[in-house]
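Report on the structure
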Amino acid sequence: MKITIFGTGYVGLVTGACLADVGHDVLCMDVDQAKIAKLKNGHIPIYEPGLDSIVKHTVEAGRLSFTTDTRQAVQHGVLQFIAVGTPPDEDGSADLQYVTAVARSIGEHMDHYKVVVDKSTVPVGTGDKVKAAVRAELDRRGLELEFDVVSNPEFLKEGAAINDFMKPDRIVVGTDSDKAADMLREVYYPFNRSHDRMIFMDIRSAELTKYAANSMLATKISFMNEIANLAERLGADIEAVRRGIGSDPRIGYHFIYPGCGYGGSCFPKDVQALARTARDCDYDARLLNAVEAVNYAQKHVLYDKISHYFNGNLQGKVVALWGLAFKPNTDDMREASSRTLMEDLWQAGASVQAFDPEAMEETQRLYAEQPGLTLCGTKEQALKGADVLAICTEWKEFRSPDFGVIAGALRESVVFDGRNLYEPDMLARHGLIYYAIGRGRNQFQFD
Ligand SMILES: NC(=O)c1ccc[n+]([C@@H]2O[C@H](COP(=O)([O-])OP(=O)(O)OC[C@H]3O[C@@H](n4cnc5c(N)ncnc54)[C@H](O)[C@@H]3O)[C@@H](O)[C@H]2O)c1
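In this report, we go over the structure that sits alongside the text. (Residues numbered from 1 in each chain as written. Predicted model: local features only at pLDDT ≥ 70, side-chain atom pairs only at ≥ 80, totals over all residues. Heavy atoms only, no water.)

Observations regarding the packing of helix H9 (residues 203-234) against helix H10 (residues 238-246)
Look at H9 against H10: their axes get within 9 Å of each other, and the N-to-C directions meet at 135°. The orientation of H9 with respect to H10, classified from their angle, is oblique. Here the hand of the crossing between H9 and H10 comes out right-handed. Taken together, the residues of H10 that come into contact with H9 (itself represented by Met224, Ile227, Ala228 and Ala231) are Ile238, Val241, Arg242 and Ile245. Across the contact of H9 with H10, the residue classes break down as 7 nonpolar, no polar and 1 charged. (Axes fitted to C-alpha atoms, helices over the stretch in contact; angles between N-to-C directions. Helix = DSSP H or I, 4+ residues; strand = E, 2+ residues; numbered from the N terminus. Parallel < 35°, antiparallel > 145°, perpendicular 65-115°, else oblique. Left-handed = near helix turned anticlockwise from the far one by under 90°. Contact = heavy atoms within 4.5 Å. Nonpolar A, V, L, I, M, F, W, Y, C, P; charged D, E, K, R; others polar.)

Comments concerning empty space enclosed by the protein
Taken as a whole and judged by the stated rule, the model has 1 cavity of 30 Å³ or more. Forming the walls of the largest cavity are Asp118, Ser120, Thr121, Val122, Ser151, Pro153, Ala206, Glu207 and Lys210. Its residues placed into classes, the lining of the largest cavity shows 3 nonpolar, 3 polar and 3 charged. (1 Å grid on protein atoms, 1.4 Å probe; cavity = no way out; pocket = protein on both sides within 12 Å on 5 of 7 lines; lining within 4 Å. Points joined across faces, edges and corners; volume = space filled by probe spheres on them.)

Quick notes on the pairing of strand E5 (residues 114-118)
Counting buried positions over the 5 residues of E5 gives 5, a clear majority of the element. Both faces of E5 are covered, namely the face carrying Lys114, Val116 and Asp118 and the face carrying Val115 and Val117. Sheet analysis places strand E4 (residues 79-82) next to E5, joined by 4 bridges and oriented parallel. By the bridge assignment for E5, Gln80 is matched with Val116. One crossover worth recording links E4 to the parallel E5 by way of helix H5 (residues 97-109), and it is right-handed. Pairing of E5 with strand E6 (residues 147-151), which is carried by 5 bridges, proceeds in the parallel orientation. Bridged to Lys114 within E6 is Phe147. (Buried < 20%, exposed > 50% of the residue type's maximum accessible area, 1.4 Å probe, protein only. Pairing = 2+ DSSP bridges. Right-handed = clockwise from strand over helix to strand, strands pointing away.)

Considering H10
Ile238, Glu239, Arg242 and Gly246 are the residues of H10 that are buried. The buried residues of H10 all sit within an arc of 100° when viewed along its axis, so they share a single face. Of the surrounding secondary structure, the elements contacted by the buried residues of H10 are H9. (Arc of directions from axis to C-beta.)

Section: the site of the ligand
Every one of the 25 residues lining the ligand counts as a neighbour, but Asp30, Lys35, Thr86, Glu158 and Lys269 are closest to it. A distance of 2.8 Å separates an oxygen atom of the ligand from a polar atom in the backbone of Val11. Contact between the ligand and Thr86: an oxygen atom at 2.5 Å from a side-chain N or O atom of the residue. Here the ligand, which alone exposes 830 Å², has 88% of that area covered by the protein. Of all the secondary-structure elements, those providing two or more residues to the shell around the ligand are helix H1 (10-21) and H5. Across the shell around the ligand, the residue classes tally to 10 nonpolar, 7 polar and 8 charged. (Near = heavy atom within 4 Å. Polar contact = N/O pair within 3.5 Å; in protein donor to acceptor, adjacent residues only side chain to side chain. Areas by Shrake-Rupley, 256 points an atom, 1.4 Å probe, with all protein chains shown as cover.)

Quick look at the pattern of salt bridges
Inspection of every chain in the model, using the stated rule, returns 24 salt bridges. Put simply, Glu60 and Lys56 hold a salt bridge, and the shortest N to O gap is 3.3 Å. Taken as a pair, Glu60 and Lys56 lie in helix H3 (residues 51-60) at a separation of 4 residues, close to a single helical turn. Like Glu60, the residue Lys56 is exposed in the burial classification. Measuring nitrogen to oxygen at the nearest pair gives 2.6 Å for the salt bridge that ties Glu232 to Lys305. A residue pair is termed long-range when its members are at least 10 positions apart, and Glu232 in helix H9 and Lys305 in helix H13 (residues 301-309) qualify at 73 residues. In this pair, the class of Glu232 matches that of Lys305, namely buried. (Salt bridge = Lys/Arg side-chain N within 4 Å of Asp/Glu carboxyl O.)

Describing the layout of surface pockets
Estimates place the volume of the second largest pocket at around 260 Å³. Only helix H11 (267-280), helix H12 (286-298) and helix H14 (337-347) provide two or more residues apiece to the lining of the second largest pocket. Grouping the amino acids of the lining of the second largest pocket by side-chain chemistry returns 4 nonpolar, 4 polar and 5 charged.

Digging into the nonpolar core
Counting residues in hydrophobic clusters, the biggest one holds 57 residues, and the most contacted among them are Leu321, Trp322, Leu341, Leu345, Leu389, Ile406 and Tyr422. Counting residues in hydrophobic clusters, the runner-up holds 39 residues, among them Ile36, Leu39, Leu64 and Phe165. (Core = buried A, V, L, I, M, F, W, Y, C linked by side-chain atoms within 4.5 Å.)

Re the packing of H9 against H12
Two measures define how a pair of helices packs: the angle their axes make with one another and the distance between the axes. Between H9 and H12, the least distance of the axes is 9 Å, while the angle of their chain directions is 55°. Our classification of the angle between H9 and H12 gives oblique. Taken as a pair, H9 and H12 cross one another with a handedness that is left-handed. Residue-level contacts link Ser215, Ala218, Thr219, Ser222, Asn225, Glu226 and Asn229 of H9 to Leu288, Val291, Val294, Asn295 and Gln298 of H12. The residue makeup of the contact of H9 with H12, split by class, is 4 nonpolar, 7 polar and 1 charged.

Here it is in structure tokens:
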């Protein structure tokens, strides 16, 4: 099928590449000329494992191409996927300017039937706004062309996006049109061969499903962080508690890892946007507000521990930082906990020596002017001359480091672990003092 994708970010590029991989004829459009130029030259602008080889072979096979030309993009596909960003507005609501801009472009250039498929995460009711925007442009042109609007939220995880797209748990399709439903069935047929993963519903329910899924996952994390903070004050070990509750199949082991807060481009903004939607319809979403408040505080927890260790005086201290990306296997730094920690440390007069396996370029881009930041080529280099070590991302290569090297390099032999990567005994054997999240009173004394 002929498919157009608007937006070549984490969602758009993965969607385009995977749909081309199974045989569709895909044109990806982006307004970012530099991004499209890179893609045309065979460079992938983001780090996503496995994406480069799929893009390369689908481009070579002539099934995936790129453009900045809106007219060409609209004319290409009978299906027009919208995968542009929906960042938070100042009041926490989702900013729909990019989504509506695409909808207007479609109305401006379409000359026969189109299915507009919204893959961006958008508030309930956006389907109606997209319909109105396309219709307004058609009216302006004096045309009465038929089109349908579909909500098809994306559930992929950065870092595992290809696998998630190729083997989805579910494909949610919200539509009021049988014709559009049949076309979406055809698009996704190759992903449904072992069993049907498609769940059809109305547009509003599909839009809400995406927010509900992310809010539920964020709730699990904030819940666990709250219990971890209690464990610290009660002398319990959250890792034992985690195993104890995860063994209950009604709870499960997924998404109950305590840590220094969730980040990324989805959970923070989606929880906020849903809470905002609730306010707009006069409903006080107390649970969602609490999930966000707990996470906000949790992102400062590592800083609080470091500051407490140095009796509130961080002037001139050097903190080695392992992990900058908001989670492993991505270079995405949006809302990353590392950013909160670094900004807190700089504010207090400390400096940071940081290393991340993939997010160095992005960190450089974000903090090019920051004198308190030194980017290091390896995790060992980051330790040299530092007072203490802090860990914000659970990359595999941080999981079993040479503790002797850490102990030998740090001036204070203290590790602040925001992801509970290690067994406290192991570090104690190497003479390291270990502060993790929720690991008992002995781990961290609160005055
Ligand atoms: N990143 C994720 O893991 C993830 C997962 C599921 C859903 N989502 C949702 O998918 C949407 C996209 O997220 P993302 O992370 O891919 O965003 P992104 O910021 O990485 O990419 C968005 C792209 O859209 C482009 N764009 C903006 N306006 C455009 C226009 N008028 N025409 C064409 N392109 C345009 C931008 O230049 C950018 O390249 C968001 O709503 C997000 O919430 C993201």
